[in-house]
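A look at the structure
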Amino acid sequence: MQITEGGLDDPRVVRFLGEHLDQMREISPPESVHALDLDGLRAPGMRFWSVWADASDDAPGGPGTLLATAALKTHDAAHGELKSMRTAAAARGRGVASTLLLHVLDAAADAGMRRVSLETGAEPFFEAARRMYRRHGFVECGPFASYVLDPNSVFMTREV
């Protein structure tokens, strides 16, 4: 696997993120979709990464296949938010998401952040993601930043 920062102009990334937004809109009511579009991911205070299969992977699709994405939004010097975490269906269960999550958490720590939080769905579709976040030390918390209580959202946080 190869993790790269940036790349929001790559058509494969644009398509992948478009599919992410479409899927979130299918699963959650409109007022509970907090996924960012490309403009949101390009906003100041955002960092974005993608994971690509390399020649050493046996990933479906072969080398150069986009496997996952994630972003880190800076709320303030000490607090960041995980955004746009998505793993390609064919890459799920292979440790790709955990590898990328740890990379983002390291980047947050390197930037001086002390906490990273996230919002994810409460629907059964998101259960695997919530389990992964718990395995990596995230615990449920109340809404943060501009979020409000929402029965379709689960808020989680951890220190870095």
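Residues numbered from 1 in each chain as written. Predicted model: local features only at pLDDT ≥ 70, side-chain atom pairs only at ≥ 80, totals over all residues. Heavy atoms only, no water.

In this sheet, strand β3 (residues 66–76) lies alongside strand β2 (residues 46–52) in antiparallel orientation, the contact comprising 7 bridges. Opposite F48, over in β3, you have A71 as the bridge partner. By the bridge criterion, 7 bridges tie β3 to strand β4 (residues 79–87) in an arrangement that is antiparallel. Across the sheet, L72 pairs through a bridge with L82, a residue of β4. What sits between β3 and β4 in their antiparallel hairpin is a turn of 2 residues. (Pairing = 2+ DSSP bridges. Helix = DSSP H or I, 4+ residues; strand = E, 2+ residues; numbered from the N terminus.)

The next thing to look at is helix α1 (residues 11–27). With 17 residues, α1 extends 24 Å from end C-alpha to end C-alpha; this agrees with the ideal 24 Å at 1.5 Å per step. Elements that come into contact with the buried residues of α1 comprise α2 (38–41), β2, β3 and β4. (Expected span 1.5 Å × (residues − 1). Contact = heavy atoms within 4.5 Å.)

Attention now goes to the environment of R15. Mapped onto the fold, R15 is located in helix α1. Judged by relative accessible area, which is 48%, R15 ranks as partly exposed. Linking R15 and A107, residues 92 residues apart in sequence, is a C-alpha distance of 25 Å. (Buried < 20%, exposed > 50% of the residue type's maximum accessible area, 1.4 Å probe, protein only.)

This part covers the packing of helix α3 (residues 96–110) against helix α4 (residues 127–135). Relative to each other, α3 and α4 sit at 50°, their axes nearing to 11 Å. The orientation of α3 relative to α4 falls into the category oblique. Judged by the sense of rotation from one axis to the other, the crossing of α3 with α4 is right-handed. Between α3 and α4, the residues in contact are A97, S98 and L101 and M132, Y133 and R135, respectively. Broken down by class, the residue content of the contact of α3 with α4 amounts to 4 nonpolar, 1 polar and 1 charged. (Axes fitted to C-alpha atoms, helices over the stretch in contact; angles between N-to-C directions. Parallel < 35°, antiparallel > 145°, perpendicular 65-115°, else oblique. Left-handed = near helix turned anticlockwise from the far one by under 90°. Nonpolar A, V, L, I, M, F, W, Y, C, P; charged D, E, K, R; others polar.)

With that out of the way, let us pick up the packing of aromatic side chains. Per the counting criterion, the structure on display carries 5 aromatic pairs. Each ring, one from F125 and one from F126, has its centre 5.1 Å from the other, and the planes form 90°; the classification is edge-to-face. Residue F125 is classed as partly exposed on the basis of its relative accessible area of 39%. Given a relative accessible area of 8%, F126 falls into the buried group. With centroids separated by 5.0 Å and ring planes inclined at 65°, the aromatic side chains of F144 and Y147 adopt a geometry described as edge-to-face. Taken together, F144, Y147 and F155 form an aromatic cluster joined through their ring pairs. (Phe/Tyr/Trp six-rings, centres within 6.5 Å; stacked < 30°, edge-to-face > 60°.)

Turning our attention to the pairing of β2. For β2, a buried count of 6 out of 7 residues is recorded, marking the element as mostly surrounded by other parts of the structure. Strand direction decides the pairing type here: strand β1 (residues 2–5) and β2, joined by 4 bridges, are antiparallel. Considered in β2, the bridge of E5 is made with W49.

With that settled, consider the pattern of salt bridges. Under the definition given, this model contains 11 salt bridges. Across the pair R86 and E19 runs a salt bridge whose closest N-O atoms are separated by 3.9 Å. Linking R86 in strand β4 with E19 in helix α1, this pair joins segments that are 67 residues apart in sequence. E159 is the partner of R115 in a salt bridge, and the nearest nitrogen-oxygen pair spans 3.4 Å. (Salt bridge = Lys/Arg side-chain N within 4 Å of Asp/Glu carboxyl O.)

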